[in-house]
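An overview of the molecular structure
Chain residues, written in single-letter form:
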Amino acid sequence: NAVWLLGPSGSGKSRLMSDCATLTRRRLEPAPLYLYGRCPAFEETRPCMPILRLVERYLRLPSGTAPGASQTEQLARLVPPRVATTLVQALTPDFNGTTAIAVPTALAQWLVALGRSQALLVFLDDVNFADEASLSVLARVAEELHGLRATIVLGLREHESAPNPA
């Protein structure tokens, strides 16, 4: 359920995964949900931002836009109310960092619940540059992968140093 995709920058990892997702979605019924994200190499971002971007894509929420009632309801159908509330707060542009549940915990619970509810293909590229909190989310999800209808593909830039070796 977990795959490492290793290659130098510009080698076509993203294109390969896009083609793989297209082919997989054509051949499998029901077609898996495909979520793509990237860990920024040189940008300062909030903790867990690459995983939060996956939630934005799942909700079809424009980046930097607070979730509305329909997105909140969509999350509440998938995860417990406290988890949904935490995710909504974390997606709000003026988020101050205080939630009832830790954001990495809520994000891991969301990904696991999503993989239980439907077929799922996630590609997170450039994990060399992932922040510690994002790595924590991925580690928690990895512990729960058995039994999920989910495949997590982690792209690594070959010959690039990682700020966090974990």
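Being a predicted model, the structure only gives us computed values, none of them experimental.

1. Side note on the overall build of the chain
Helices and strands together make up the secondary structure of the chain, namely six helices and four strands. In the chain, the succession of helices and strands from N to C terminus is β-α-β-α-α-α-α-β-α-β. In terms of overall dimensions, the chain has a C-alpha envelope of 40 × 40 × 30 Å along the principal axes. Taking all 166 residues of the chain together, the buried fraction comes to 44%.

2. Considerations on the sheet that holds strand β1 (residues 2-7)
Ordered in space as β1-β4-β3-β2, the four strands form an open sheet in which the pairing is parallel. Each edge of the open sheet carries a strand with a single partner, namely β1 and β2 (33-38). Pairwise comparison of adjacent strand axes, ignoring direction, gives a mean angle of 15° for this sheet. Sheet strands touched by helix α2 (residues 49-59): β2 and β3 (120-125). Its angle to β2, the strand with the most contacts, is close to 145°.

3. Digging into the nonpolar core
General note: in soluble globular proteins, nonpolar side chains tend to be found buried as a group. Core analysis: the largest hydrophobic core is formed by 46 residues, its most contacted members being Leu75, Leu107 and Trp110. For this core, the element with the most residues is helix α5 (residues 103-117), which contributes nine residues. Beyond its immediate stretch of four places on either side in the chain, Leu107 contacts Cys48, Ile51, Leu52, Val55, Leu87 and Val137. Listed in part, the six residues of the second largest apolar core include Leu5, Met17, Ala21 and Leu121.

4. Considering unusual backbone geometry
Glu29 connects to Pro30 through a cis peptide bond whose omega is -5°. By secondary structure assignment, the location of Pro30 is in the loop between α1 (13-27) and β2. Here the phi dihedral of Cys48 falls at roughly 70°; this positive angle occurs in a residue that is not glycine. When you line up the elements, Cys48 lands in the loop between β2 and α2. Classification of Cys48 as buried rests on a relative accessible area of 1%.

5. Section: the packing of aromatic side chains
Under the counting rule described, the total for this entry stands at two aromatic pairs. Centre to centre, the rings of Tyr36 and Phe123 are 5.5 Å apart; their planes meet at 35°, and the pair counts as tilted. Of this pair, Tyr36 sits in strand β2 while Phe123 sits in strand β3, placing them 87 residues apart in sequence. With centroids separated by 5.6 Å and ring planes inclined at 65°, the aromatic side chains of Tyr58 and Trp110 adopt a geometry described as edge-to-face. Pair noted here: Tyr58 is in helix α2 and Trp110 is in helix α5, with a separation of 52 residues, a long-range link. By relative accessible area, which is 11% here, Tyr58 ends up buried.

6. Focus on α2
In terms of burial, α2 is a largely internal element, nine of the eleven residues being buried. Within the sequence span of α2, burial applies to Met49, Pro50, Ile51, Leu52, Leu54, Val55, Glu56, Tyr58 and Leu59. Along its buried surface, α2 packs onto β2, α3 (69-78), α4 (81-91), α5, β3 and α6 (132-144). One or two residues past the end of α2 sits Arg60, with phi positive at roughly 55°.

The rules we used
- Residues numbered from 1 in each chain as written.
- Predicted model: local features only at pLDDT ≥ 70, side-chain atom pairs only at ≥ 80, totals over all residues.
- Heavy atoms only, no water.
- Helix = DSSP H or I, 4+ residues; strand = E, 2+ residues; numbered from the N terminus.
- Buried < 20%, exposed > 50% of the residue type's maximum accessible area, 1.4 Å probe, protein only.
- Pairing = 2+ DSSP bridges.
- Axes fitted to C-alpha atoms, helices over the stretch in contact; angles between N-to-C directions.
- Contact = heavy atoms within 4.5 Å.
- Core = buried A, V, L, I, M, F, W, Y, C linked by side-chain atoms within 4.5 Å.
- Phe/Tyr/Trp six-rings, centres within 6.5 Å; stacked < 30°, edge-to-face > 60°.

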